[in-house]
Amino acid sequence: QVQLVEIGGGLVQAGGSPRLSCVASGRTFSSYHMAWFRQAPGKEREFVAAVNRGGTTYYADSVKGRFTISRDNAKNTVYLQMNSLKPEDTAVYYCAAALLIRDLADYARYDYWGQGTQVTVSS
């Protein structure tokens with residue numbers, strides 16, 4: 001069992017650069033592929049970024065070049081550094097973990113989810 005807790009978010013001005021953190025419980029964090037998803041009101045949950053257990057990163061086209069995902073296995077933490085935020089980035093951001101997965105962008109394949117943290121970008 002893995003518990004995920006997101007930290008960060010809140011109200012940010014457009015162009016801002018907040019960082020989200022996701023702290024995982026358990027001693028097998030390094031075995032998990034980790035990802036961030038987001039869900040805006042009235043929209044489906046969408047993939048943002050992922051880092052596999054080997055450290056390779058993947059990004060949605062909408063955030064590529066602006067967001068950076070990273071992980072610190074010693075701290076059981078995955079981060080999402082968000083730069084140049086836009087109002088359309090407003091959403092609840094979720095951290096997710098998967099032990100076995102082929103398509104890191106497929107939210108249905110993730111085993112564990114955090115409770116989510118709201119990010120609101122004001123223009």
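Residues numbered from 1 in each chain as written. Predicted model: local features only at pLDDT ≥ 70, side-chain atom pairs only at ≥ 80, totals over all residues. Heavy atoms only, no water.

### Quick look at the side chain of Arg71
Worth spelling out the cut-off: For helices the rule is a DSSP run of H or I covering at least 4 residues; for strands it is a run of E covering at least 2, with both sets numbered from the N terminus onward. Exposure is judged per residue with a 1.4 Å probe applied to protein chains only, and the accessible area is read against the type maximum: over 50% gives exposed, under 20% gives buried, and values in between give partly exposed. Positive: Lys, Arg. Negative: Asp, Glu. His and the chain ends are not part of the count. By salt bridge we mean one thing: a side-chain nitrogen of Lys or Arg within 4 Å of a carboxyl oxygen of Asp or Glu. Nitrogen and oxygen atoms within 3.5 Å of one another constitute a polar contact, given that in protein one can donate a hydrogen and the other can accept it, and given that sequence-neighbouring residues count only through two side-chain atoms. Residues are treated as being in contact if the distance between any of their heavy atoms lies within 4.5 Å.
Relative to the helices and strands, Arg71 is located in strand β7 (residues 67-72). One buried charged side chain, Arg71, makes no salt bridge at all; its nearest oppositely charged neighbour is Asp72, positioned 8.4 Å away. At 3.1 Å, the side chain of Arg71 forms a polar contact with the backbone oxygen of Asn52. If we ignore the near neighbours within four places in the chain, the residues touching Arg71 are Phe29, Ser30, Tyr32, His33, Met34, Val51, Asn52, Arg53, Thr77 and Val78.

### Description of the sheet that holds strand β8 (residues 77-82)
Spelled out, the test is: Two strands form a pair only when DSSP identifies at least two bridges running between them. Axis definition: a line fit to C-alpha positions, over the contact stretch in the case of helices; interaxial angles, taken between N-to-C directions, run 0 to 180 degrees.
As summarised here, the arrangement of the four strands in space is β1-β3-β8-β7, forming an open sheet in which the pairing is antiparallel. Two strands lie at the open edges of the sheet, namely β1 (4-7) and β7, each paired on one side alone. Strand-to-strand twist of the sheet, defined as the mean angle between neighbouring strand axes without regard to direction, takes the value 15 degrees. In this structure, β7 lies alongside β8, joined through six bridges in antiparallel fashion. Bridging across to β8, Arg71 finds its partner in Val78.

### Observations regarding unusual backbone geometry
Its identity as a non-glycine residue notwithstanding, Asn76 has a phi of 55 degrees, on the positive side. Following the sequence through the fold, Asn76 ends up in the loop between β7 and β8. For Asn76, a relative accessible area of 16% gives the class buried.

### Re the environment of Arg66
Relative to the elements of secondary structure, Arg66 occurs in the loop between β6 (57-59) and β7. Each C-alpha atom of the pair Arg66 and Ala91 lies 16 Å from the other, and the pair is 25 residues apart in sequence. Contacts of Arg66, omitting those with residues within four sequence positions, involve Gln81, Met82, Asn83, Ser84, Leu85, Lys86 and Asp89. A polar contact of 3.0 Å, which involves the side chain of Arg66, links it to the backbone oxygen of Ser84.

### Some words on the nonpolar core
Inclusion rule: Grouping buried Ala, Val, Leu, Ile, Met, Phe, Trp, Tyr and Cys residues that are joined through side-chain atoms within 4.5 Å yields what is termed a nonpolar core.
Leu4, Met34, Trp36, Val78, Leu80, Tyr93 and Tyr110 are the most contacted members of the largest nonpolar core, which has 38 residues in total. Looking at this core, the elements that each hand over two or more residues are β3 (19-24), β4 (33-39), β5 (46-51), β7, β8, β9 (91-98) and β11 (117-122). Here this core gets six residues from one element, more than from any other, and that element is β9.

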